[in-house]
Amino acid sequence: MKSEYRSDLSKAKNLGAAGSGSHHWWHQRLTAIIISLMILWVISFFGDISKSNITTVVSHLQKPFNIVMLLILFFTVMYHAVLGMQVVIEDYISCRASRFVLVVGIQIFAIITVIFFAFAAFYVMIL
Amino acid sequence: MQKSREEIHKARPISPHLSIYKPQISSVLSIGHRLSGVGLFFMISALGWWFILWVFSKFDPIYLKIFDSSFVRFLLIVTSYGFFYHLCTGIRHLIWDTGWGFSIRAINYSGWLAVIASILLTLIFWMFV
C-alpha cells in the first residue's frame, strides 16, 4: 500500500482499513493472565477436596463463591482455547472454506459448551 | 508461455521448512506450546461435557467409574503435565511480550527452566491430590 493513501491519524492509530484486528492478540494475553491468577483458587479448591469422597466434593462445589469462580474459570479457559485454536487453524489450514468452517464450528461448540456448563453448575448449586 | 496464476501459486516455496532444521530447544518448545494447547482444548471440552452429562444424569455413578480405568488416569496425568507445560511456556511468552529476555542465552535458559518447572509442578500436584 502506498503510504500517501493513508492519513496521518490512520497511520498513528496503526489499525488498517478494518479499524480493528489486534483484539484477538490482546484478549489471548488478558485471558492467559486471568487463568494464571485463578490457579491460586484451583490450588485452594483442590486442597479442600483432596482425598475426600464425591459428596464432599459436591458440597464444596455448592458454595456460591466456588461455583462463581468455576464458571469464570471455565468461561475464560474456553475463550482462551477458542482464540488459540483459531490461530493454529489459520496457520496450518490453507483451504479457506474448511478454515472458516473449523473456526466458526469451534466458536459455536464453545458457546454451547459454556451455556450447558453454566446450567449444570447452577443445578449443582441449588441441589 | 505464461504460467497460470494457479501454477505460480503452487510453485511458491512454502515456509518454514521445519523438517530440514535440527531440533532446538526454542523450536521444540514452541511446537510443544501449540500442541499442548490443542490437546488441552480437547481435554477441557471432554471434562466440561463429562461434568454436564454427569449432572444432567442426576449424578449417575457410572460417570465416576471411568476414573477407575488406567487409560483415563494416564490421560489425566498427561493432561496435567500438558497444563503445567503450557502454563510455564505461556508465562515465558508473556514475559517476551513485555520485550524482555530475547537474547539467545536468556531464551535457552528460560526454555530449560520452563521444562524443569513444568515437571516439578506436575510431580508436586500429584503428590498432594
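Higher on the page you've got the structure.
Rules of the game
Residues numbered from 1 in each chain as written. Chains lettered and ligands numbered in written order. Predicted model: local features only at pLDDT ≥ 70, side-chain atom pairs only at ≥ 80, totals over all residues. Helix = DSSP H or I, 4+ residues; strand = E, 2+ residues; numbered from the N terminus. Rg over C-alpha atoms; globule rule 2.2 N^0.38 Å. Buried ≥ 20, exposed ≤ 12 C-beta atoms within 10 Å, placed from the backbone. Contact = placed C-beta atoms within 7 Å. Nonpolar A, V, L, I, M, F, W, Y, C, P; charged D, E, K, R; others polar.

Peer 1: I'd like a description of the overall build of chain A, backed by residues and values.
Peer 2: Along chain A, the regular secondary structure elements total five helices and zero strands. Reading chain A from its N end, one meets helices and strands in the order α-α-α-α-α. Scaling as 2.2 N^0.38, a compact globule of 127 residues should have a C-alpha radius of gyration of about 14 Å, whereas chain A reaches 20 Å, well beyond that. Taking all 127 residues of chain A together, the buried fraction comes to 10%. Considering only contacts in chain A between residues 6 or more positions apart, those separated by 24 or more positions represent 69%.

Peer 1: Give a detailed account of the interface of chain B and chain A, specifying residues and quantitative values.
Peer 2: Counting residues at the interface gives 21 residues for chain B, matched by 19 residues for chain A. Counting residues per element, the ones that place at least two in the side of chain B that touches chain A are α2 (25-56) and α4 (70-97) of chain B. By residue number, the principal contributor to the side of chain B that touches chain A is α2 of chain B, which donates 13 residues. Of the residues that constitute the side of chain B that touches chain A, the class distribution is 15 nonpolar, four polar and two charged.

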